[in-house]
Amino acid sequence: MAQLRLDYSKFKAEDAEILVVGPESASQFAKYWDENDLPYPGLPDPKHSVLKRYGQEVNLFKLGRMPAQVIVDKHGMVRYVHYGKSMSDIPSNKELLSILTGLNKEHRDSSGLSSPLHLDMISKTEETREEAD
Amino acid sequence: MSKVVTLHTPAPDFSLDDHTGKQFRFSDYCGSKNVVLVFNRGFL
């Protein structure tokens, strides 16, 4: 999470806002944000309402939540979803930024029609292909 | 492994109080900016 701060200006340049959601209490968030001087909003979700809706996995054995990232484009559509398989399974800033660059290019080039470019790139491991006639 | 959020579908709206206690509505950002939602693994 703190790694994002290092490249915050690059995210801004891609016209993106970072939002951090977590299960901690409002006071824990306030303390952490204060101590680390984070420039993006922190959203305490102690009731897990958003965490559940977005499907963040909880690893009961490791007593922790798996990290997850979701990128939403300017049309409010989900364009990238990454559910971590382990605590350290987090996409690099570079990877996230390149996706944003692609979304912005598409936004400029098209009149709002979404292309399957990123769908293909991102979900290839989850796709099951079926032959249909 | 249930995937609740699906690619190329509208992102679910939500509203929470942010770290300063101010009300935050996701739909206020949606539609004007790209948004990177980060679900953290807990503060270390």
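Parameters at a glance
- Every chain is numbered independently, its residues counted from 1 as its sequence is written.
- Chain labels run from A onward and ligand labels from 1 onward, assigned in the order the entries are written.
- Owing to the predicted nature of the model, reporting of local features is limited to residues with pLDDT of at least 70; listing and counting of side-chain atom pairs is limited to 80 or more, with chain, interface and lining totals taken over all residues.
- Buried means a residue has 20 or more other C-beta atoms within 10 Å of its own C-beta, exposed means 12 or fewer, and partly exposed covers the counts in between; C-beta atoms are placed from the backbone.
- Elements are defined by DSSP. Helices are runs of H or I of four residues or more, strands are runs of E of two residues or more, and each kind is numbered from the N terminus.
- Between any two strands, at least two bridges found by DSSP are needed for them to pair.
- Any pair of residues counts as being in contact when their C-beta atoms, constructed from backbone geometry, are within 7 Å of one another.
- Residues are grouped as follows: Ala, Val, Leu, Ile, Met, Phe, Trp, Tyr, Cys and Pro are nonpolar; Asp, Glu, Lys and Arg are charged; all remaining types, including Gly, are polar.
- Each residue carries a pLDDT score, the predictor's own confidence in it, on a scale running from 0 to 100.

Residue and element names in this part refer to chain A. Most of strand β5 (residues 68-72) is tucked away, with 5 of its 5 residues classed as buried. Side-chain alternation along β5 places Ala68, Val70 and Val72 on one buried face and Gln69 and Ile71 on a second face that is also buried. Direction of pairing for β5 relative to strand β6 (residues 78-83): antiparallel, over a ladder of 5 bridges. Looking across to β6, one finds that alanine 68 is bridged to tyrosine 83. The hairpin formed by β5 and β6 contains 5 residues between the paired strands, and glycine 76 there has a positive phi angle of roughly 80°.

With that settled, consider the interface of chain B and chain A. With 33 residues of chain B at the interface, the matching set in chain A holds 56 residues. Those elements that provide at least two residues to the side of chain B that touches chain A are β1 (15-17) and β3 (34-39) of chain B. Looking at the side of chain B that touches chain A, the element that brings in the most residues is β3(B), giving 6 residues. When the residues that make up the side of chain B that touches chain A are grouped by side-chain class, the tally is 17 nonpolar, 11 polar and 5 charged. Where β5(A) and β3(B) come together, 5 bridges link them in antiparallel fashion. Across the sheet, the residue bridging to Val72(A) is Val35(B), located in β3(B).

A separate point is the confidence of the model for chain A. All names here are of chain A. The predicted model of chain A averages 82 in pLDDT, with 76% of residues at 70 or higher. Between the elements of chain A, mean pLDDT differs from a low of 48, seen in helix α6 (residues 117-122), to a high of 97, seen in helix α2 (residues 8-13). In this model, residues 119-133 is a region of pLDDT below 50 whose contacts with residues beyond four sequence positions or in other chains number 5 contacts.

Turning to unusual backbone geometry, a few remarks are in order. With a phi angle near 50°, Asp37(A) is a residue other than glycine that sits in the positive phi range. Tracing the backbone through its elements, the reader meets Asp37(A) in the loop between α3 (26-36) and β2 (42-44). For Asp37(A), a count of 7 C-beta atoms within 10 Å puts it in the exposed group. One non-glycine residue, His8(B), lies in the positive phi region at around 60°. Relative to the elements of secondary structure, His8(B) occurs in the segment before β1. On the basis of neighbour count, His8(B) is assigned to the partly exposed category, with 13 C-beta atoms found within 10 Å.

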